[in-house]
Amino acid sequence: MKPHRFLDRLEQVEFVRVAGVLTRMSGDFLEADGPFASVGDYCEIETASNDAPLIAEVVAVEPSLIRLMPVTLPPKLILGARVSKARQAEEIAVGDSFGGRAIDGFGGALDGQGILLPEDRQPKSGRLLPPLERISPTIQLTTGIRSIDALLPLGKGQRTGIFAASGVGKSSLIEQIARQADCDRLVMCLVGERGREVERCWRMMREGEHAGRSTLVAATADESPSMRVRAIEQAIGLAEYWRDRGEHVLLIVDSITRVAHALRELGLASGLPPTVRGLTPNVFSALPRYVERCGAARDGGAITALMTVLSETDDVDDPVVELMKSVLDGHIVLSRSLAEKRHFPAIDVSRSVSRLSDDLLSAASLDLARQALALIATFEEARPMIESGLYRSGTNSEIDRAASLQPALTAFLRQASGENEDREQTRQKLAQILGESGNAKG
């Protein structure tokens, strides 16, 4: 029997509100003797000026106290201030009204277009699909970028990382994908970015063809770690809401590394011990969950996730890089050496991989991709000998073919940020390059 709506409302009424008082203020952390709360809950703290209460996240619970981290810059507080559970703060606001809007981690408007009224709310932990309800992507997502569509295909529902250092064209690449990718909804989540980068991204989204179906969720570098983590929770919550309605959502998170840093700050505040590279255990449990909440559902709908990972060097001891490579369905690596040669997008196709190529490409397209990747790898292996003059033409037919095709393949992989190419045109261009080589060889 379905419960009556009045009974549902009655269950939500809070007849007695348990509260505590603020007992200690230490830097960015606060302590109170109540209320009853769990780690991850939010509390309201009254301010000295009696303005809107301060929202703070519970980061640790002990027998006689709770430790809190303010979500926003703390106003003037006094010891003994009332501390109570925040209403609805643990839930994520969702709904179609968020389309075409820029919001913060709590669903508040950043674009000056008025207050947002959510159609629904859902737990911030989201709905993790059971393993057998997730399906492997079988439909290719067209990005309009030749190097990706031809050699590193993305599927609708795939989770892919973009590994890059700063200054190699990462932002330009994700913006180009956001403009050109075929999707029902676009959710862009910027965590720990500079304010001007947020404004630039929002301007791009407003001018794109997905403007009315795009949502920007942002928490800049100067905001609290709690707000930065909340931003990705809000973004994934919105993506899940639309996926569960059967829509295809493109979720772009920039960057997952800064999410890990925010989680580390919260972990240290809660008393967790630092481990490798100073990261706390909660980082290694939270990041895989964010990834697994994305993907394609058996009953329709999909979240295609692109998550950027800051990778300054090839150091395999970077735990965030290694963790993300192990849980994602593929990775796109950007090369500083290519960026310095003004080769954009600076995708190092030899070090990049899509684990779903066999399922997404036709037999003919897969054969072209394998040929091209083999030629590129052969040339890179022989490059030191060729450039130093140690290699003599005619010694090895495979190296000769790779060297003769290198200029054409390099031109094929280089593409302007505003250039959007059809997938069939991309396939024909690659087939022409490889076919001309075969004719010449014959």
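Residues numbered from 1 in each chain as written. Predicted model: local features only at pLDDT ≥ 70, side-chain atom pairs only at ≥ 80, totals over all residues. Heavy atoms only, no water.

Engineer: Quick question: what am I supposed to make of the overall build of the protein chain here?
Structural biologist: Along the backbone of the protein chain there are 13 helices and 20 strands. Taken along its principal axes, the extent of the C-alpha atoms in the protein chain is 85 × 50 × 40 Å. When each of the 442 residues of the protein chain is scored for burial, the buried share is 51%. Counted over contacts in the protein chain with a minimum sequence separation of 6, partners at least 24 positions apart contribute 72%. Working note: accessible area of the protein chain is about 20,700 Å², and carbon and sulfur atoms make up 52% of it. (Helix = DSSP H or I, 4+ residues; strand = E, 2+ residues; numbered from the N terminus. Buried < 20%, exposed > 50% of the residue type's maximum accessible area, 1.4 Å probe, protein only. Contact = heavy atoms within 4.5 Å. Areas by Shrake-Rupley, 256 points an atom, 1.4 Å probe, with all protein chains shown as cover.)

Engineer: Would you explain the nonpolar core in this entry?
Structural biologist: Ile256, Leu287, Tyr290 and Met324 are the most contacted members of the largest nonpolar core, which totals 56 residues. Residues in contact with tyrosine 290, not counting those within four places in the same chain, are Val229, Ile232, Glu233, Ile236, Val259, Leu263 and Met307. Counting 53 residues, the second largest nonpolar core, distinct from the first, contains Leu338, Leu361, Leu366 and Leu413. (Core = buried A, V, L, I, M, F, W, Y, C linked by side-chain atoms within 4.5 Å.)

Engineer: Explain the sheet that holds strand β5 (residues 65-70) here, please?
Structural biologist: Adjacent strands of a sheet form backbone hydrogen bonds with each other and so pair up, either parallel or antiparallel. Reading around the barrel, the six strands line up as β1-β2-β5-β4-β3-β6 and close back on themselves, with antiparallel pairing between neighbours. Shown here is a sheet whose adjacent strand axes are inclined to one another by a mean of 45°, direction ignored. The sheet contact formed by strand β1 (residues 19-26) and strand β6 (residues 82-85) spans three bridges and is antiparallel. For valine 21, the partnering residue across the bridge sits in β6 and is arginine 82. Lying over the sheet, helix α6 (residues 256-269) contacts β2 (29-32), β4 (54-62) and β5, oriented at roughly 150° with respect to β5. (Pairing = 2+ DSSP bridges. Axes fitted to C-alpha atoms, helices over the stretch in contact; angles between N-to-C directions.)

Engineer: Explain the packing of aromatic side chains here, please?
Structural biologist: Any two aromatic rings considered together are summarised by their centre-to-centre distance and by the angle between their planes. Within this structure, the stated rule accounts for two aromatic pairs. Sitting above the plane of the phenylalanine 412 ring, arginine 146 keeps its charged end 5.8 Å from the centroid. Above the plane of the ring of phenylalanine 163 lies lysine 325, whose end atom (NZ or CZ) is 5.5 Å from the centre. (Phe/Tyr/Trp six-rings, centres within 6.5 Å; stacked < 30°, edge-to-face > 60°. Lys NZ or Arg CZ within 6 Å of the ring centre and 35° of its normal.)

Engineer: Could you clarify how one ought to interpret the packing of helix α3 (residues 170-180) against helix α4 (residues 195-207) in this entry?
Structural biologist: The axes of two packed helices give the description: the angle between them and the distance between them. The N-to-C vectors of α3 and α4 enclose an angle of 25°; their axes lie 11 Å apart at closest approach. The angle between α3 and α4 falls in the class roughly parallel. Note on packing geometry: the crossing formed by α3 with α4 is right-handed. On α4, the residues that touch Ser171, Ser172, Glu175, Ala178 and Arg179 of α3 are Glu197, Arg200, Cys201 and Met204. Of the residues contributing to the contact of α3 with α4, the split by class is three nonpolar, two polar and four charged. (Parallel < 35°, antiparallel > 145°, perpendicular 65-115°, else oblique. Left-handed = near helix turned anticlockwise from the far one by under 90°. Nonpolar A, V, L, I, M, F, W, Y, C, P; charged D, E, K, R; others polar.)

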